[in-house]
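Spelled out, the chains give:
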Amino acid sequence: AQVLNSLFPAVKLVTHFIENNDNFGPNSIVSKKYNTTLLQKMQSIHQNLIRVVDMVSKFTDLENYSDGESIQINEFLEDYCRHILTNEKYRITLDLTDDIYWTTPSEDTDEEEGVTLTVKIGRAELIQILDNLITNAHKHGFTDPNRMDYEIRLTTEVETKDTPTLLLKVANNGEPVSRSIPIEQLFTWGGSNGNGTGLGCWQAKAIAEHYKGKLTYQEHPDDENGFVCEFTLSLPLHFD
């Protein structure tokens, strides 16, 4: 349902464009705000239809996780954002750390070793986490019909306190979660006070924990750029 909620506006936009233009081609602009071409929009619709097919096959079993694969996170996020279906109300931006993590010198060598930022998780499951968080932001955070400056920002960082860990932060400048539900109920199935099932955040947290990670939420009311809401997906870095 979450992916279909993104597909319907995209199909409606393309349909409206076709109905109101006699001459057009693959490079015709269908969204002036984001300079999106007809071909790009159709490619995004196609990718999201593939997602629907994949999710339908897993629909009856939320715990049927894949074994996981090595995913270079920055490359994955760039590809994900190329195909995500946004609309005129909000955009998605990337703020990625360097793609190389430098390990400290070992007993065998005095030189630092560079390792690509890689995590081990199911590709479909990682997409599901991001889809859930983005859909929740769109549905529950972007509530002002007069605002057209909503933004979701994906940021990557590396934490080295104990185990080298990737921090993938999903922040947005919409309404804080705490205005609609108690934060302690955010990851509880059915804890959304009638604003939904609460399944999205619960499922995202369950997926993260299955792959030895975690999902947390914080609010930053004094953030100078207005990014009040911030989810952090923590996953151990994977070294082949």
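Heads up: the structure comes first, above all this text.
Criteria and cut-off values
Residues numbered from 1 in each chain as written. Predicted model: local features only at pLDDT ≥ 70, side-chain atom pairs only at ≥ 80, totals over all residues. Heavy atoms only, no water. Pairing = 2+ DSSP bridges. Helix = DSSP H or I, 4+ residues; strand = E, 2+ residues; numbered from the N terminus. Axes fitted to C-alpha atoms, helices over the stretch in contact; angles between N-to-C directions. Contact = heavy atoms within 4.5 Å. Core = buried A, V, L, I, M, F, W, Y, C linked by side-chain atoms within 4.5 Å. Buried < 20%, exposed > 50% of the residue type's maximum accessible area, 1.4 Å probe, protein only. Salt bridge = Lys/Arg side-chain N within 4 Å of Asp/Glu carboxyl O.

J.: Explain the sheet that holds strand β8 (residues 150–159) to me, and be specific about the residues and the numbers.
T.: Read across the sheet, five strands follow the order β4-β8-β9-β11-β10 without closing on themselves; strand pairing throughout is mixed. If you trace the sheet from one side to the other, it starts and ends with β4 (90–95) and β10 (214–219), each paired once. Strand after strand, the sheet turns through a mean of 20° between neighbouring axes, direction not considered. Both β10 and strand β11 (residues 229–236) contribute to a ladder of six bridges, which runs antiparallel. From the neighbouring strand, Gln-218 faces β11, where its bridge partner is Glu-230. Sheet strands touched by helix α3 (residues 73–83): β4, β8 and β9 (165–172). Its angle to β8, the strand with the most contacts, is close to 170°. Of the strands in this sheet, β4, β8, β9, β10 and β11 touch helix α4 (residues 123–141), which is tilted by about 25° from β9.

J.: Tell me about the environment of Tyr-80, and please be specific about residues and values.
T.: Positionally, Tyr-80 belongs in helix α3. Taking the C-alpha atoms as reference points, Tyr-80 and Gln-47, 33 residues apart in sequence, are found 9.9 Å from one another. Setting aside its immediate chain neighbours within four residues, Tyr-80 contacts Arg-51, Ile-127, Leu-130, Asp-131 and Ile-134.

J.: Explain the nonpolar core to me, and be specific about the residues and the numbers.
T.: Judged by nonpolar contacts, the single largest core of 44 residues is most densely connected at Ile-152 and Phe-231. If we skip the residues at most four places from it in the chain, Phe-231 touches Leu-133, Leu-168, Lys-169, Val-170, Leu-186, Phe-187, Cys-201, Leu-215, Thr-216 and Tyr-217. One finds Leu-7, Ala-10, Val-52 and Leu-85 within the second-largest nonpolar core, a separate group that totals ten residues.

J.: Tell me about the pattern of salt bridges, and please be specific about residues and values.
T.: Going through the model one piece at a time under the given rule, you end up with eight salt bridges. The closest approach of N and O atoms between Asp-149 and Arg-147, which form a salt bridge, is 2.8 Å. The partly exposed category is assigned to Asp-149, whose relative accessible area is 47%. Residue classification places Arg-147 among the partly exposed positions, given a relative accessible area of 25%. Lys-169 is the salt-bridge partner of Glu-157, the closest N and O atoms lying 3.5 Å from each other. Remark: Lys-169 occurs in strand β9 and Glu-157 occurs in strand β8; sequence separation between them is twelve residues. Classification of Glu-157 as partly exposed rests on a relative accessible area of 32%.

From the geometry alone we can't say anything about function, so treat these as descriptive.
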